[in-house]
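Descriptive structure summary
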Amino acid sequence: MKNSHPKKERTFVAIKPDGIQRSLIGEIISRFERVGLKLVATKMLVPTAEFVEAHYTLDPEWRRITGEKNIKSYVDRGEKPWTTDPYEVTERVLKNLKDYMTSGPVIAMVWEGAHVVELVRKLVGSTEPRKSDVGTIRGDFVLDSYMMGDTDGRAIRNLIHASGSPDEAEKEIKHWFTEKELINYRLVQEEILYDVNLDGILE
Ligand code: ADP
Ligand code: MG
């Protein structure tokens, strides 16, 4: 990364089509705003299936990890997975994900702030809303599960995407935005969040 100070960390977030249909745009954005994060880029678009596949496969490990998570979810609920090959599972997940993510507009965003990748994942909750903590976006606003997705042959509807690591964030930001679309600006509250001496308050 260009700027190495931790307050300059960036992450990629997308409000998925169900998040927009549920009228949660304002709610989701306000959760990131209120913790002190800064929005540095945003746009609304309907992605193509090719674009969605490229997004999810930016990380060469994603196919294996996603397949393994799904197989574990079968085992955890005492069911036999239909295959033990994580790559085979992920092929199915990816097809369903493309249908999900191209079903309507999404809002792509880049958020900036200290520990933003970790913080945003914490605010978003875990992949399966059924297991997401109360107080997280997925835990508070939706109820989907691996079981529902598997039963109906569709992607888990969990409202939002957020990068899983700083490395993933860097790749995803490049995939969705040009350098010119990322706005470098100062937010007045950063004086309080990050200023070393707090010497600009008293007159
Ligand atoms: P996250 O979005 O929490 O980072 P993943 O990167 O593992 O989760 O998966 C990407 C998205 O694909 C998930 O948010 C979810 O919408 C969908 N998904 C993942 N695994 C499955 C699955 N086994 N069945 C249905 N949908 C899935
Ligand atoms: Mg992910």
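Everything that follows concerns the structure shown earlier in this document.
One structure accompanies this document, and this report is about it. (Residues numbered from 1 in each chain as written. Chains lettered and ligands numbered in written order. Predicted model: local features only at pLDDT ≥ 70, side-chain atom pairs only at ≥ 80, totals over all residues. Heavy atoms only, no water.)

A few words on unusual backbone geometry. For Ser-23, which is not glycine, the phi torsion reads 60 degrees and is therefore positive. Within the secondary structure layout, Ser-23 lies in the loop between α1 (17-21) and α2 (25-34). The backbone phi angle of Leu-198 is positive, close to 45 degrees, even though this residue is not glycine. In this structure, Leu-198 sits in the segment after α10 (190-194). (Helix = DSSP H or I, 4+ residues; strand = E, 2+ residues; numbered from the N terminus.)

Bringing the sheet that holds strand β2 (residues 38-45) into the picture now. Taking strand neighbours across the sheet as the criterion, the four strands line up as β2-β3-β1-β4 in an open arrangement whose pairing is antiparallel. Looking along the sheet, the strands with just one partner apiece sit at the ends: β2 and β4 (160-162). Taken pair by pair, the neighbouring strands of this sheet meet at an average axis angle of 15 degrees, ignoring direction. As paired strands, β2 and strand β3 (residues 106-112) are joined by seven bridges and run antiparallel to one another. By the bridge assignment, Leu-45 is partnered in β3 with Val-106. (Pairing = 2+ DSSP bridges. Axes fitted to C-alpha atoms, helices over the stretch in contact; angles between N-to-C directions.)

A few words now on the packing of helix α4 (residues 62-76) against helix α5 (residues 86-101). Look at α4 against α5: their axes get within 8 Å of each other, and the N-to-C directions meet at 95 degrees. Of the possible angle classes, the one that applies to α4 and α5 is roughly perpendicular. Contact residues: Trp-62, Arg-63, Arg-64, Thr-66, Gly-67, Glu-68, Asn-70 and Ile-71 in α4; Pro-86, Tyr-87, Val-89, Thr-90, Glu-91, Val-93, Leu-94 and Leu-97 in α5. Residue composition of the contact of α4 with α5, by class: eight nonpolar, four polar and four charged. (Parallel < 35°, antiparallel > 145°, perpendicular 65-115°, else oblique. Contact = heavy atoms within 4.5 Å. Nonpolar A, V, L, I, M, F, W, Y, C, P; charged D, E, K, R; others polar.)

Fair warning: the whole summary comes from geometry, so function is off the table for now.
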